[in-house]
Amino acid sequence: QVQLVESGGGLVQPGGFLRLSCAASGTIFRINSMGWYRQAPGNQRELVAALSSDGTTNYADSVKGRFTISRDNAENTVYLQMNSLKPEDTAVYYCYIWGRPAPFRNSRDYWGPGTQVTVSS
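Cut-offs used in this document
Residues numbered from 1 in each chain as written. Predicted model: local features only at pLDDT ≥ 70, side-chain atom pairs only at ≥ 80, totals over all residues. Heavy atoms only, no water. Phe/Tyr/Trp six-rings, centres within 6.5 Å; stacked < 30°, edge-to-face > 60°. Helix = DSSP H or I, 4+ residues; strand = E, 2+ residues; numbered from the N terminus. Lys NZ or Arg CZ within 6 Å of the ring centre and 35° of its normal. Core = buried A, V, L, I, M, F, W, Y, C linked by side-chain atoms within 4.5 Å. Buried < 20%, exposed > 50% of the residue type's maximum accessible area, 1.4 Å probe, protein only. Contact = heavy atoms within 4.5 Å.

J.: Got a minute to help me understand the packing of aromatic side chains in this structure?
T.: Aromatic ring pairs are reported here in terms of the distance separating the ring centres and the angle at which the planes meet. Under the counting rule described, the total for this entry stands at 3 aromatic pairs. A centroid spacing of 5.3 Å and a plane angle of 55° characterise the contact between tyrosine 37 and tryptophan 111, whose relative ring orientation is tilted. Note that tyrosine 37 is positioned in strand 4 (residues 30-39) and tryptophan 111 in strand 10 (residues 108-111), a separation of 74 residues in sequence. Put simply, the rings of Tyr37, Tyr96 and Trp111 pair up and form one aromatic cluster. Directly above the ring of tyrosine 79 sits arginine 19, whose terminal nitrogen or CZ lies 3.9 Å from the centroid. Over the aromatic face of tyrosine 110 sits the side chain of arginine 108, whose NZ or CZ is 4.2 Å from the ring centroid.

J.: Help me understand the nonpolar core, please; the structure alone is not making it clear to me.
T.: Most often, soluble globular proteins keep nonpolar side chains buried together rather than apart. Leu4, Trp36, Val48, Phe67, Leu80, Met82 and Tyr93 are the most contacted members of the largest nonpolar core, which has 29 residues in total. If near-sequence neighbours (up to four positions away) are discounted, valine 48 is found in contact with Trp36, Tyr37, Arg38, Asn58, Tyr59, Ala60, Val63, Phe67, Leu80 and Tyr93.

This is the structure:
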């Protein structure tokens, strides 16, 4: 039983910054990957950033150099530092974890409810 809750979203001016947090409650036997998706009205959901268990990161081209994904040592919180924000970054941001809930069980995905990020002057 794992739940994810995002926080840190809000309204920010272009060029500003926000730090999103995703706190996971419960336990996961093994986290394979975690990251962030976003979706703006009328747009497809897109992968923003992903962090694999070996530390490998992947970013959407549109956010490279501006966003940074990380996690804490306890592996129960994932962050998305967003700098130099643009109006095009406006979207609902969703945290996800791809992991194994217990030994001998298949890996599965976990999702947070999302947090709104609005970049506007």
